[in-house]
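# Coordinate analysis (summary)
Listed below are the residues making up each chain.
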Amino acid sequence: MSNSNKAIKMVDAPEGYSGAGFFATSLEKVIGLARANSLWPLPFATSCCGIEYMATMGANYDISRFGSERMSFSPRQADVLMVMGTIAKKMGPIVKQVYEQMAEPRWVIAVGACASSGGIFDTYSVLQGIDRIVPVDVYVPGCPPRPEQILEGLMRVQDLARNESLRRRNTPEYQALLDSYNIK
């Protein structure tokens with residue numbers, strides 16, 4: 001095997017000034033770069049979408065390429081809540097409690113049709129989308145979505161983390177969003 005076929009892809013450096021032996025940029029860009037490449041997801045999987053998510057951790061798709069190889073099953077150590085599958089209305093308060101226990105900054109991905117809109121289960125017991133109880137940042141369509149789609153959703157969260165202002169979480173608009181969901 002020749003080394004010419006294996007080009008190493010590096011993350012682009014943030015905007016800044018460089019010279020002989022130094023690089024200067026804003027702290028906000030460095031923190032955004034660090035956040036984007038070290039997201040720790042908390043998988044909340046209840047059905048078939050969870051099986052597809054398990055495939056993204058395998059060798060074929062390898063979610064660790066995106067800095068997300070450490071699954072966090074503790075909300076206090078997670079950055080991204082990934083809700084996958086059908087959420088019953090009785091589970092809604094638990095999803096909200098998990099979200100509230102996560103530290104800021106936190107992002108939410110609704111994976112699959114059931115988490116996004118209730119899917120084919122338009123019944124009295126199924127929550128018709130988790131965006132009724134927590135704010136959702138990225139929706140991943142499909143029933144169930146392919147692992148490539150889940151990785152695409154994770155990359156969209158990386159874009160959000162990379163470009164988010166450090167002070168966005170303190171703005172009145174963000175506080176109003178949380179208040180609309182009755183989140184402290």
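Basis of the calculations
- Residues numbered from 1 in each chain as written.
- Predicted model: local features only at pLDDT ≥ 70, side-chain atom pairs only at ≥ 80, totals over all residues.
- Heavy atoms only, no water.
- Helix = DSSP H or I, 4+ residues; strand = E, 2+ residues; numbered from the N terminus.
- Areas by Shrake-Rupley, 256 points an atom, 1.4 Å probe, with all protein chains shown as cover.
- Disulfide = S-S within 2.5 Å.
- Buried < 20%, exposed > 50% of the residue type's maximum accessible area, 1.4 Å probe, protein only.
- Axes fitted to C-alpha atoms, helices over the stretch in contact; angles between N-to-C directions.
- Parallel < 35°, antiparallel > 145°, perpendicular 65-115°, else oblique.
- Contact = heavy atoms within 4.5 Å.
- Nonpolar A, V, L, I, M, F, W, Y, C, P; charged D, E, K, R; others polar.
- UniProt positions renumbered as here; feature names shortened; annotations may be inferred.
- Polar contact = N/O pair within 3.5 Å; in protein donor to acceptor, adjacent residues only side chain to side chain.
- Pairing = 2+ DSSP bridges.

### What to know about the overall build of the chain
Within the chain, the secondary structure is distributed over six helices and six strands. Listing the helices and strands of the chain from first to last along the sequence gives β-β-α-β-α-β-α-β-α-β-α-α. Projecting the C-alpha coordinates of the chain onto the three principal axes gives extents of approximately 65 × 50 × 25 Å. With an accessible surface of roughly 10700 Å², the chain has 56% of that area assigned to carbon and sulfur atoms.

### Thoughts on the state of the cysteines
Enumeration over the complete set of coordinates arrives at zero disulfides. Counting only cysteine sulfurs, Cys-49 is the nearest neighbor of Cys-48, a cysteine outside any disulfide, at a range of 4.8 Å. Overall, the relative accessible area of 40% leaves Cys-48 in the partly exposed class.

### Section: the packing of helix α2 (residues 48-56) against helix α5 (residues 147-163)
At their nearest, the axes of α2 and α5 sit 8 Å apart, and the two run at 75° to each other. One finds that α2 runs roughly perpendicular with respect to α5. Residues Cys-49, Glu-52, Tyr-53, Ala-55 and Thr-56 of α2 form the contact with α5, whose own contacting residues are Pro-147, Ile-150 and Leu-151. Partitioned by chemical class, the residues of the contact of α2 with α5 number six nonpolar, one polar and one charged.

### Focus on the UniProt feature "binding site: [4Fe-4S] cluster" (unreviewed entry) in the chain
Mapped onto this numbering, the UniProt entry gives "binding site: [4Fe-4S] cluster" (unreviewed entry) at Cys-48, Cys-49, Cys-114 and Cys-143. The named residues occupy 96 residues along the chain; their greatest pairwise C-alpha distance, 10.0 Å, places them in one compact cluster. Here Cys-114 lies in helix α4 (residues 112-117). When its relative accessible area of 11% is taken as the criterion, Cys-114 is described as buried. The residues contacting Cys-114, other than those within four sequence positions of it, are Gly-85, Thr-86, Gly-119, Phe-121, Leu-127 and Gly-129. In this structure, Cys-143 sits in the loop between β6 (138-140) and α5.

### Describing the side chain of Arg-106
Looking at the secondary structure, you find Arg-106 in the loop between α3 (92-101) and β5 (107-111). Of the residues examined, Arg-106 reaches a relative accessible area of 5% and is grouped as buried. Looking at Arg-106, its side chain comes within polar contact range of the main-chain oxygen of Met-102, at 2.9 Å. One polar contact links Arg-106 to Glu-104, side chain to side chain, over a distance of 3.4 Å.

### A few points about the environment of Ile-8
Relative to the helices and strands, Ile-8 is located in the segment before β1 (17-19). Taking the C-alpha atoms as reference points, Ile-8 and Ala-110, 102 residues apart in sequence, are found 32 Å from one another.

### Describing the sheet that holds strand β3 (residues 41-45)
Reading across from one edge, β3-β4-β5-β6 is the order of the four strands in this open sheet, with parallel pairing throughout. Edge positions in the sheet fall to β3 and β6, since each has one partner strand and no second. The sheet shows a mean angle of 20° between the axes of neighbouring strands, direction not considered. The pairing of strand β4 (residues 80-84) with β5 spans five bridges and is classified as parallel. Each residue of the ladder has a partner; that of Leu-81, found in β5, is Val-108.

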